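# Results of the structural survey
Below, each chain spelled out in residue letters.
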Amino acid sequence: MPELKITIGGRDFDVACQEGEEHFLRSAAAMLDAEAQVLLGQIGRIPEPRMLLMSGLMLADKAAGIEDQLREAKNRLGELQAKIDELQANPPQIEVPVVPAEVTDTLAEIAARAEALADRVEDEA
């Protein structure tokens, strides 16, 4: 079992982890150290247990906020997927306007008159 030395808030700790988990431990320690550095910058020197507790609570608060955002995103995704499913099951109907019969009849009459005029011009020529 690998043992790593991590630094949090300027203090070193020896921590063991599972084989292959070293990267995750270093990442978690870096996140905790970042919070501890914020505390040290605001408060100055504080006892180790309090520093670790406050840093952990600050990280937990951030994690809770991210979980809320993830939950909201999943809910929104579910709503959007339901809309997509509904639209795929019932595609919108598109109405195509129909030309009224009177217009068609009038156009046919105009076309017949134009042909008659063309025939008359042809006969006279």
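Bringing the nonpolar core into the picture now. Within the largest apolar cluster, ten residues are counted, these being Ile6, Ile8, Phe13, Ala29, Leu32, Ala36, Leu39, Ile46, Met51 and Leu59. Of all the secondary structure elements, the ones that give two or more residues to this core are strand E1 (3–8), helix H1 (22–43) and helix H2 (48–89). Counting residues per element, this core draws most heavily on H1, which supplies four residues. Aside from chain neighbours lying at most four places away, what touches Ile8 is Phe13, Ala29, Leu32, Asp33, Ala36, Met51 and Leu52.

With that settled, the discussion passes to the pattern of salt bridges. The full count for this structure, using the stated rule, is four salt bridges. As a salt-bridge pair, Lys62 and Glu35 come within 2.5 Å of each other at their nearest N and O atoms. Here Lys62 is found in helix H2, whereas its partner Glu35 is found in helix H1, with 27 residues between them in sequence. Between Glu79 and Arg76 there is a salt bridge whose closest N-O contact spans 3.4 Å. Residue Glu79 and its partner Arg76 are both found in helix H2; the two are separated by three residues, about one turn of the helix. A relative accessible area of 46% places Glu79 in the partly exposed class. The partly exposed category is assigned to Arg76, whose relative accessible area is 42%.

Moving on, we come to the environment of Met58. Residue position: Met58 is located in helix H2. The sequence separation of Met58 and Val121 amounts to 63 residues, and the corresponding C-alpha distance is 96 Å. The residues contacting Met58, other than those within four sequence positions of it, are Glu35, Val38 and Leu39.

Next up on the list: the confidence of the model for the protein chain. Across the protein chain, pLDDT averages 92, with 100% of residues at or above 70. Per-element averaging of pLDDT across the protein chain places helix H3 (residues 101–124) at the bottom with 90 and H2 at the top with 96.

Looking now at H2. Relative to the 62 Å expected for 42 residues at 1.5 Å per residue, H2 spans 60 Å between its end C-alpha atoms, a close match to the ideal helical length. Listing the buried residues of H2 in full gives Met51, Ser55 and Leu59. Where H2 is buried, its residues meet E1, strand E2 (11–16) and H1.

Okay, a nonpolar patch on the surface next. Where nonpolar side chains cluster on the molecular surface, the patch consists of Val99, Val103, Leu107 and Ile110 and spans about 350 Å² of accessible area. When you line up the elements, Val99 lands in the loop between H2 and H3. Val99 sits in the exposed class, given a relative accessible area of 51%.

So, how was this worked out
- Residues numbered from 1 in each chain as written.
- Predicted model: local features only at pLDDT ≥ 70, side-chain atom pairs only at ≥ 80, totals over all residues.
- Heavy atoms only, no water.
- Core = buried A, V, L, I, M, F, W, Y, C linked by side-chain atoms within 4.5 Å.
- Buried < 20%, exposed > 50% of the residue type's maximum accessible area, 1.4 Å probe, protein only.
- Helix = DSSP H or I, 4+ residues; strand = E, 2+ residues; numbered from the N terminus.
- Contact = heavy atoms within 4.5 Å.
- Salt bridge = Lys/Arg side-chain N within 4 Å of Asp/Glu carboxyl O.
- pLDDT = per-residue confidence, 0-100.
- Expected span 1.5 Å × (residues − 1).
- Patch = residues over 30% accessible without salt bridge, like charges linked within 9 Å, V, L, I, M, F, W, Y side chains within 5 Å.
- Areas by Shrake-Rupley, 256 points an atom, 1.4 Å probe, with all protein chains shown as cover.

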